[in-house]
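# Observations on the model geometry
Given next are the chains, with one letter for each unit.
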Number of protein chains: 2
Amino acid sequence: MQPSQSPGPPHAPLVEVLQLELAPPSLADNTADLDRLLRALRRQGFEPIQVRLADADEFAARIRGENFHVTVLVGFFGSHWEIVDILPGSSSPTPLGLAIDLGSSTIGLFFIDLADRKTVAGTSIPNPQAEYGEDILSRLLFARARGNRKILQRIVIGGINRAIRETLENLGRSLSDLCAVTVAGNTVMSHFFLGLDPANLFKEPYIPAVNHFPTFRGKDSTLAMHPRGPVYVFPNAGSYLGGDLIAGVLACGMHRTEEISLLADVGTNAEVVLGNREWLVACAGAAGPALEGGALERGMPAAPGAIDRVRIDPATFEPDFHVLGDVKPSGICGSGVIDLIAEMFRARLLTRQGKLSSPPGCRRVVHTEDGPAYVLADPDRTADEKELLITETDVEVFLKSKAAMYAMLNVAVKKVGIRFDDVRHFYVAGAFGESIDPAMAVRIGMIPDLPMETFHRMGNTAAAGAAMLLVDRDLLKDMEKACGRITYVELNVNAEFMDEFRSALFLPHTSRRLFPSVNVP
Amino acid sequence: MQPSQSPGPPHAPLVEVLQLELAPPSLADNTADLDRLLRALRRQGFEPIQVRLADADEFAARIRGENFHVTVLVGFFGSHWEIVDILPGSSSPTPLGLAIDLGSSTIGLFFIDLADRKTVAGTSIPNPQAEYGEDILSRLLFARARGNRKILQRIVIGGINRAIRETLENLGRSLSDLCAVTVAGNTVMSHFFLGLDPANLFKEPYIPAVNHFPTFRGKDSTLAMHPRGPVYVFPNAGSYLGGDLIAGVLACGMHRTEEISLLADVGTNAEVVLGNREWLVACAGAAGPALEGGALERGMPAAPGAIDRVRIDPATFEPDFHVLGDVKPSGICGSGVIDLIAEMFRARLLTRQGKLSSPPGCRRVVHTEDGPAYVLADPDRTADEKELLITETDVEVFLKSKAAMYAMLNVAVKKVGIRFDDVRHFYVAGAFGESIDPAMAVRIGMIPDLPMETFHRMGNTAAAGAAMLLVDRDLLKDMEKACGRITYVELNVNAEFMDEFRSALFLPHTSRRLFPSVNVP
């Protein structure tokens, strides 16, 4: 269609810009004004193309008003094309796209120039739905009462719109420049975003109202954007297998290769996809809070003040850590917890069962009201001037999370009759996927004992997948195919999962031979 | 897809009714509620199928509310299918369709049972736009002022809605039973109906705003019908070649046969289509008022009180006529005028030049202020107790109309290099197409001198075509193809037409050998 407007590989954005100089009508060619434009678009491959009745009058008038020399924005809606706008032939618009990572606690917004594929702005806001429930379950309870679902929808779109307006103003751009939006969220978030009823998602057999959401136009919602621009919400493949994970599959490209890949997305829920271009198996479960740091006494998100890397000297048991931002630590985030547990295990501060022990010469294990604890930072080094410590209970909570993660991976692999050794690429995604140290995660038995080059730290794959779709519409077909191929394993009713879970509660695992590279002290 | 629900040939209405008992969701089949229904519909061939975001929540809730046993109404939108309604599985709806013949003076409404294809009601109303201009040109002038186009749209839809409500009430049916509407009108009427600007239709090169109108849903307009039912407005193929004529092509099926057919639609404008399944040539022009009776002193539409058939005794010159309705005559309609002129010509009351003569023994030719006239009915036999007569001026006006008609036919035939003898079927359509006597029309040289079995009186082909489409959606494809094949000959700028026109001002024609069957007295 249109040649790429910038160096780099050819791309196919969701909205194309075309300069068209149409032959003016004559007695010999009496095609109507709007039909004349559509004929030109079809000849360039934009087919099938649909026009809404409400737009026909305006479009026809503009074509004639511009004397058949027009700049046309054409939007891809999956099953068809639609005209997004008709501008003077002399104009050279540079439409923007917005990729939204619709998280339950944080919403990320990434503005992409559709022509040159560059990210021109990025921002994140707390999900304003938190006002009606900190976690998803409490929001679901809130949404049960009549009218409340609409409140949740209104408030999340309101928050997004404020962020859009602010960002566009900073960029010196107008709302109508924002011509395409992609949204990747988990199943519940997507339902709330679209005003759909998620009530059946949380009772067996856990069924969404909709898996493949209709692609719609800005004006079909209250989103602050071009009224005719396409909005694409990533589909779900199950109640716990949301559009965020589907976007993740796109982002790492595992649906395209012959080699087998594994994608583990560790957020509030843990989600796993295993497969290649021929098959995909997925499972998910509530494994994550402790892995994100959230469930621990001093746990916190990966934000300024969070300890994200930890080393412990096995001789002196003294810790060394890195803090995000130039501040004193106020807590520990997911990657920090993984490091900490792994290092405590190596230094024999933790038994295989996850019990704290105080080896001779160790001064950092103390006894608190909550039982024994390891002091990671003394009061004079912390932001709140209190000891920053991890208790045995914290470790217990964390082991359950890491066991759930490993069990999930194991169930997926066994489901298709392969072994971990068959996995060529292991993509670690999620809020802290970028900072996690695979070697540490292997040492505690959270992820399988594979060669280090197998692991890829992906960061926010939901946002990455959503942004990719904005500039590569061909991914839509990929995704529909991938969704159709996914076999979803429901863990809530899986007895095998419970067995695997119990075996994985140890450091690194009940079966030590599964982790040959880990030296059990 | 669905087997025909009534005896007769299989048919494919614009809206199908399906009873679906979906397998309820389970852990093994966790497809979402709406996706589950769409999957079932796709498996039955309803593909591609689109759902609007605004409907998704309601649809998903109904599917679950009915426990996956539903009756679904699926509507055909040309490029795709849409769900029109989801009803309880136990219901057995019988959706109605409405075919609208959107005339500039009269609007015909025909209600069709989509299941058994029977017409369940028919009515007609005067086009309420007449309030803003009796003829199309004066409405176009009115429409120029800002906002007036919307008035014309509102008033015509308002009139149609009143007729719909009244008819449905009489039938004991509700608005939501009306699930599909087809509209056949001329290019200007269709533009007004859809709120489109017809301004460029009446200046060279005579270009419509839109030829192929978007298929839309009831709720996209203010039509009184099911909000999600499809509304299809027949396309134009030129400014004077409207959807009414395209519907006529469908109605006589000339686009499907190998034999060459000619369709002449005689209304306020005269329109001609010539061709077969491989090619179609069309031309049109303002030929008609006199042919409809409207332009004559005592002309009137084919309504009660109109003389529609005339015979004159060549020996006594005494007339014999038939009056529509059981009333005294108050005027003469198109078919009556054709008969009258033809009979006057045979009885030597008219010369070949259209001058009145008074043969010996004739008492019915009188002299009026407007020149000589023939008295068709004496005052004691008429409704207004005045003489009902035709003046020489009337004859002159009429000859111009019939000459235009014949010239148009001739131009069309010559355009493709054939002769009238090659035409196997001659369809006479239009407001008075049903009552016109082809033998009389041949005698005055209005239509070519072909064997009588060539002629078919079709009546209102616009209404017939619109009604056919309601129960046979495959015609949509036929029509798009036919539209693409039509070559439109613009007569307004055609010098050949003027030559033909002048030659055809005689009775039956300057060149008598063109009408060998006509005995020129």
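So, how was this worked out
- Residues numbered from 1 in each chain as written.
- Chains lettered and ligands numbered in written order.
- Predicted model: local features only at pLDDT ≥ 70, side-chain atom pairs only at ≥ 80, totals over all residues.
- Heavy atoms only, no water.
- UniProt positions renumbered as here; feature names shortened; annotations may be inferred.
- Helix = DSSP H or I, 4+ residues; strand = E, 2+ residues; numbered from the N terminus.
- Least-squares fit on C-alpha atoms with pLDDT ≥ 70 in both.
- Contact = heavy atoms within 4.5 Å.
- Pairing = 2+ DSSP bridges.
- Axes fitted to C-alpha atoms, helices over the stretch in contact; angles between N-to-C directions.
- Parallel < 35°, antiparallel > 145°, perpendicular 65-115°, else oblique.
- Nonpolar A, V, L, I, M, F, W, Y, C, P; charged D, E, K, R; others polar.
- Buried < 20%, exposed > 50% of the residue type's maximum accessible area, 1.4 Å probe, protein only.
- Polar contact = N/O pair within 3.5 Å; in protein donor to acceptor, adjacent residues only side chain to side chain.
- Buried area = accessible area lost by both parts, 1.4 Å probe.
- Salt bridge = Lys/Arg side-chain N within 4 Å of Asp/Glu carboxyl O.

Per an unreviewed UniProt entry, chain A goes by the name Iron-sulfur cluster binding protein and belongs to Syntrophobacter fumaroxidans.

## Describing the UniProt feature "domain: RACo linker region" (unreviewed entry) in chain A
This chain's UniProt record puts "domain: RACo linker region" (unreviewed entry) on residues 12–90 of chain A. Within the segment residues 12–90 of chain A, helix and strand shares are 30% and 32% respectively, and the terminal C-alpha atoms sit 23 Å apart.

## A closer look at the relation of the copies chain B and chain A
Least-squares fitting of chain B to chain A yields an RMSD of 0.1 Å, with the transformation described by 0.1 Å of translation along the axis and a rotation of 180°. In symmetry terms, the pair is related by a two-fold rotation axis. Comparing contact sets, 100% of the residues at the interface of chain B also lie at the interface in chain A, consistent with an isologous, same-surface contact.

## With respect to the sheet that holds strand E8 (residues 178–185) of chain A
All names here are of chain A. The six strands lie next to each other as E7-E6-E5-E8-E10-E9, forming an open sheet whose pairing is mixed. Of all the strands in the sheet, the pair left with one neighbour each is strand E7 (119–126) and strand E9 (216–217). With seven bridges connecting them, strand E5 (residues 96–102) and E8 associate as parallel partners. Paired with Leu102 across the two strands is Gly185, which belongs to E8.

## Considering the packing of helix H1 (residues 33–43) of chain B against helix H2 (residues 53–65) of chain B
Residue and element names in this part refer to chain B. Contact geometry of H1 with H2 gives a least axis separation of 8 Å together with a crossing angle of 80°. Classified by the angle their axes make, H1 and H2 are roughly perpendicular. When H1 is examined against H2, the residues Asp33, Leu34 and Leu37 are found in contact with a partner set consisting of Ala56, Phe59, Ala60, Ile63 and Arg64. A breakdown of the residues in the contact of H1 with H2 according to their chemical character gives six nonpolar, no polar and two charged.

## Here we look at the environment of B:Asn186
All names here are of chain B. Counting through the fold element by element, Asn186 comes out in the loop between strand E8 (178–185) and helix H5 (187–194). For Asn186, a relative accessible area of 13% puts it in the buried group. Apart from residues lying up to four places away in sequence, Asn186 is in contact with Leu102, Ile136, Gly242 and Asp244. Of note is the side chain of Asn186, whose polar atom sits 3.0 Å from the backbone nitrogen of Val188. There is a polar contact of 2.8 Å between the side chain of Asn186 and the backbone nitrogen of Met189.

## As for the side chain of A:Ser261
Within the secondary structure, A:Ser261 sits in strand E11 (residues 260–266). For A:Ser261, the residues in contact, after removing those within four places along its chain, are A:Met254, A:Val273, A:Leu274, A:Gly275, A:Val423, A:His425 and A:Tyr427.

## Examining the interface of chain B and chain A
Listed per partner, the contact involves 43 residues of chain B and 43 residues of chain A. Both faces combined, the contact of chain B with chain A buries some 3300 Å², and carbon together with sulfur accounts for 60% of it. Among the residues of chain B in contact with chain A, B:Leu27, B:Asn30 and B:Leu53 are the three that bury the most area, contributing 22% of the side total. Linking chain B with chain A are two salt bridges, by the criterion used here. In this structure, the connection of chain B to chain A is made through 20 residue pairs in polar contact (both at pLDDT 80 or more). Secondary structure elements with two or more residues in the side of chain B that touches chain A: H1, H2 and strand E22 (486–490) of chain B. Here the element with the most residues in the side of chain B that touches chain A is H2(B); it accounts for five residues. Considering only residue class, the side of chain B that touches chain A consists of 21 nonpolar, 11 polar and 11 charged.

## Comments concerning the pattern of salt bridges
Per the counting criterion, the structure on display carries 58 salt bridges over all chains. The salt bridge partner of A:Arg364 is A:Glu318, with a shortest N-O separation of 3.0 Å. You can see A:Arg364 sitting in the loop between helix H7 (334–346) and strand E17 (365–368) and its partner A:Glu318 sitting in the loop between strand E14 (306–312) and strand E15 (319–323), a full 46 residues away along the chain. On the basis of relative accessibility, which here comes to 27%, the residue A:Glu318 falls in the partly exposed class. B:Arg36 is the salt-bridge partner of B:Asp29, the closest N and O atoms lying 3.0 Å from each other. Connected through salt bridges with shared partners, the residues A:Asp55, A:Glu58, A:Arg62, A:Asp85, A:Arg217, A:Lys219, A:Asp220 and A:Arg228 form a single ionic network.

## Brief notes about unusual backbone geometry
Excluding glycine, a negative phi dihedral is what most residues carry, and trans is how most peptide bonds are arranged. Residue and element names in this part refer to chain B. Residue Pro48 is reached from Glu47 by a cis peptide bond, and omega for that bond is -5°. With respect to the helices and strands, the residue Pro48 is situated in the loop between H1 and strand E2 (49–50). The omega angle of the peptide bond from Glu204 to Pro205 is 5°, so this bond is cis rather than trans. Relative to the assigned elements, Pro205 resides in the loop between H5 and strand E9 (216–217). Non-glycine residue Phe68 carries a positive phi angle of around 70°. Positionally, Phe68 belongs in the loop between H2 and strand E3 (69–76).

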